[in-house]
Amino acid sequence: MKNTVYLDYNATTPIKPAVVELACEIMSAVGNASSVHSHGRHARKHVEGARQQVANLAGVTPGQVIFTGGATESNNAVLKHFTGKRILVSAIEHPSIRNALPDVEFIPVTPDGLLDMDAFEKMLDEGTPPALISVMMVNNETGVIQPVAEITRMAKAKHKDIFVHTDAVQAAGRIKIDFPALNVDYMSLSAHKMGGPQGVGALIAAPGAPVTKFIHGGGQEKRQRAGTENVAGIAGFGLAAELAVSDMENYQRLLPWREKLEAEIKRIAPEMKVFSQNAPRVASTTALCLAGLPAQTQLMSLDLENIAVSSGSACSSGTFKPSPILLAMGAGDEDATSTLRISMGWATEETDIDRFIEVWTKIYERACEKTKQSA
Ligand code: PMP
């Protein structure tokens, strides 16, 4: 779309041109990766090449990578393997973790959105030893980076048989992912959050970490997930993973733009609050809260000017429900429904931020004017 400012990378990223090119090329060729003839072998080469590229992104061996239909599926699969056992997950996980099973226990977070390590330690010490811990690397709404290595260290020091999963969807391409150094047993990834196609992801499992069959049928994905592989999608994911690693340095260019954005909005509206401002965050994300100015109103006004951002609330049955993530961080309903999430990525330019500031200022001034008139 022309003249569009897209600042919703945490929802989905634009696909990188080289990925589109590769996926289209593969899509126009025939070949089932399980076929023995040359067409099949060609498709297989793409799938296995992508497995190596995704393995490189996480610092694992290709045999540890299982391709899935996205991170929702990967997250569900890990939790469901531990059905009936004690599972602790952070209170700010994606719904594909929080809602995967009815009886998971939530580990609280601090008002800054970091795992509450004291509460976590207590939960580890009390009751039945947990079988699984799941804590995300980077939060999708605030960009907060969790101390996953420290969390794993604490959990495994107390219970050596415990398994640890991390949802690394929002970390890929933003910060280095080192599966062995994190000492986790499982990791979920999603292609469309790193410049790849939608509907493809991966579950990475440590050697010996149990995985329940995802789908029964043929022998694909080492008999774990039956069904003809999405070769074009998987190959696109592989290339996106490779580019996520090689482009990572470039990612830091976003930091001064985010700082400028937060400083400018604060200058215009001193009452504005940035969620998790003092916690370690990825460079690309900010959650701006302006209590009393509903995020949905801001979102729609921005959309009219072709600026796409997200809000800390989601529409459910016609009403806007505050985000459980912000509520878990101790935000009130008003703050949580007045929060805009701005997320940048590989194609963002400084002019996008400048345009956002310019349009947002007009929206804010209009809202202030209206408040004055009705007072
Ligand atoms: N985890 C996180 C942190 C996410 O942001 C998302 C996407 N919104 C998912 C999981 C789900 O990924 P997918 O869209 O591939 O199912």
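Definitions and cut-offs
- The residue numbering used here restarts from 1 in each chain and proceeds along that chain's sequence as written.
- Two thresholds apply to this predicted model, a pLDDT of at least 70 for residue-level local features and 80 or more for giving and counting side-chain atom pairs, whereas whole-chain, interface and lining totals are computed over all residues.
- As a rule here, side-chain values cover all heavy atoms of the structure and leave hydrogens and water aside.
- Either an automatic procedure or a domain database provided the assignment from which the domain bounds are taken.
- Note on contacts: a residue pair qualifies if any of its non-hydrogen atoms lie within 4.5 Å across the two residues.
- Throughout, the accessible surface (probe 1.4 Å) given up by two parts as they are put together, summed over both, is called the buried area.
- Criterion for a salt bridge: a side-chain nitrogen of Lys or Arg within 4 Å of a carboxyl oxygen of Asp or Glu.
- Counted as a polar contact is a pair of N or O atoms within 3.5 Å, where, for protein atoms, one must be capable of donating a hydrogen and the other of accepting one, and residues adjacent in sequence contribute only when both atoms are in side chains.
- Nearness here has a simple test: a residue counts as near a molecule or strand if at least one of its heavy atoms is within 4 Å of that partner.
- The Shrake-Rupley method, run with a 1.4 Å probe, gives the accessible areas here. Residue values count only the displayed protein chains as cover.
- Helix and strand definitions here come from DSSP, where helices need a minimum of 4 consecutive H or I residues and strands a minimum of 2 consecutive E residues; each element is numbered from the N-terminal end.
- For cavity detection a 1 Å grid was placed over the protein atoms alone, and a set of points counts as a cavity when a 1.4 Å probe fits there but cannot get out; an open set counts as a pocket when protein lies on both sides within 12 Å along at least five of seven lines, with lining residues being those that have an atom within 4 Å of a point.
- Grid points are joined across faces, edges and corners, and a volume is the space filled by probe spheres set on the points.
- For this classification, Asp, Glu, Lys and Arg are treated as charged, while Ala, Val, Leu, Ile, Met, Phe, Trp, Tyr, Cys and Pro are nonpolar and the rest, including Gly, are polar.

A. Up close: the domain arrangement of the chain. For the chain, the domain assignment lists domain 1 (5-13 + 251-374) and domain 2 (17-246). On a C-alpha basis, the centres of domain 1 and domain 2 stand 28 Å from each other. Each partner contributes to the interface: domain 1 provides 27 residues, whereas domain 2 provides 28 residues. At the boundary of domain 1 with domain 2, total buried surface from both sides reaches about 2100 Å², with 55% on carbon and sulfur atoms. Among the residues domain 1 hides against domain 2, the three largest losses belong to V282, I325 and M329. Together they make up 27% of the total. Put simply, domain 1 and domain 2 have zero salt bridges between them. Inspection of the domain 1/domain 2 interface yields 13 residue pairs in polar contact (both at pLDDT 80 or more).

B. Spotlight on the site of the ligand. As a matter of local geometry, the ligand sits amid 14 residues, with T72, D167, Q170, S190 and K193 nearest to it. One of the side-chain nitrogen or oxygen atoms of T72 is found 2.6 Å away from an oxygen atom of the ligand. Between the ligand and Q170 there is a distance of 2.8 Å, counted from an oxygen atom to a side-chain nitrogen or oxygen. Burial of the ligand by the protein chains amounts to 85% of its free accessible area of 400 Å². With three residues, the top contributor of residues to the shell around the ligand is helix α3 (residues 71-81).

C. Structural detail: empty space enclosed by the protein. Inspection of every chain in the model, using the stated rule, returns two cavities of 30 Å³ or more. Roughly 50 Å³ of volume is contained in the largest cavity. Lining the largest cavity are I265, M272, L288, C289, L290, Q298, S338, L340 and W360. Classifying every residue of the lining of the largest cavity gives seven nonpolar, two polar and no charged.

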